[in-house]
Amino acid sequence: MFHGLIRIHVLIHAAHETIFGLAMMEELRQHGYRIGPGTLYPLLHGMERTGLLKSELTLVERRRRRVYKITAAGRKALLGAKAKVDELHHELHEKHPRHVG
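By convention here, each chain's residues receive numbers from 1 onward along its written sequence. Local features in a predicted model are, by the rule used here, given only for residues with pLDDT of at least 70; side-chain atom pairs are given and counted only at 80 or more, and totals for whole chains, interfaces and linings are based on all residues. The side-chain values count all of the structure's non-hydrogen atoms but skip hydrogen atoms and water molecules.

So what's going on with the overall build of the protein chain? Which residues, and what values?
By the criteria applied, helices consist of DSSP H or I runs no shorter than four residues and strands consist of E runs no shorter than two, each listed in order from the N terminus. For the protein chain, the count of helices and strands is four helices and two strands. In the protein chain, the succession of α and β elements from N to C terminus is α-α-α-β-β-α. Each principal axis of the C-alpha atoms in the protein chain carries an extent, and together these give about 60 × 30 × 20 Å. Relative accessibility under 20% of the residue-type maximum defines a buried residue, over 50% an exposed one, and the middle range a partly exposed one, all with a 1.4 Å probe and only protein chains included. The 101 residues of the protein chain split such that 27% are buried. Each accessible area value is a Shrake-Rupley result obtained with a 1.4 Å probe; residue values ignore everything except the protein chains displayed when judging cover. Taken as a whole, the protein chain presents about 7,700 Å² of accessible surface, with 56% of it coming from carbon and sulfur.

As structure tokens, this is what we get:
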């Protein structure tokens, strides 16, 4: 369940600036997620494979760093996720949720 929330966090940040793995691990830690490189990097690679992110190698202090940017498909997915999270938030806080049976 938390992987979906982590993906949303990644898209939010990638929508505002380029991101890289170590900085995202630190940001996610601020939100209470304990995620290591063995989980985050495959997640980032998967998001790139599915077209949500695009990466490129850059040089930072003579070291190569892979940075990620959101794609148009990633922006569309983020809008859809926002609508679903808003709907879920509303339902979580209803005093009497709709009867399902």
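Just give me the short version of the packing of helix α2 (residues 21-30) against helix α3 (residues 37-49), but keep the residues and values in it.
A fitted line through C-alpha atoms represents every axis, and for helices the fit uses only the stretch in contact; the resulting angles, taken between N-to-C directions, go from 0 to 180 degrees. Remark: α2 packs on α3, axes separated minimally by 10 Å, with the N-to-C direction vectors making an angle of 115°. Considering only the axes of α2 and α3, their crossing is right-handed. Listed contacts from α3 to G21, L22, M24, M25 and L28 of α2 are P37, L40, Y41 and L44. Polarity classes work like this: nonpolar for Ala, Val, Leu, Ile, Met, Phe, Trp, Tyr, Cys and Pro, charged for Asp, Glu, Lys and Arg, and polar for all others, with Gly in that last group. Classifying every residue of the contact of α2 with α3 by side-chain character gives eight nonpolar, one polar and no charged. Should the near helix be turned anticlockwise from the far one by less than a right angle, the crossing is left-handed, and should it be turned clockwise, the crossing is right-handed. When checking whether two residues touch, look at their non-hydrogen atoms; a contact exists if any pair is within 4.5 Å.

Can you lay out the pattern of salt bridges for me, pointing to particular residues and giving the numbers?
In what follows, salt bridge is the name for a side-chain nitrogen of Lys or Arg lying within 4 Å of a carboxyl oxygen of Asp or Glu. Taken as a whole, this structure holds four salt bridges when the rule is applied. For the salt bridge of K82 with D86, the shortest nitrogen-to-oxygen distance reads 3.1 Å. On the criterion of helical spacing, the pair formed by K82 and D86 is a turn pair, its members being four residues apart in helix α4 (residues 72-92).

Explain the packing of aromatic side chains residue by residue, including any values.
Note on aromatic pairs: the rings of Phe, Tyr and Trp (six-membered ring only in Trp) are paired at centre separations within 6.5 Å, and the planes decide the class, stacked below 30 degrees, edge-to-face beyond 60, tilted for the rest. Under the criterion given, the structure shown has one aromatic pair. Ring centres of F2 and Y33 lie 6.1 Å apart, and the angle between their planes is 75°; on these two criteria the pair is classed as edge-to-face. You can see F2 sitting in helix α1 (residues 2-16) and its partner Y33 sitting in the loop between α2 and α3, a full 31 residues away along the chain. With relative accessibility at 13%, the residue Y33 sits in the buried group.

Scope: geometric values only; no functional claims are made or implied.
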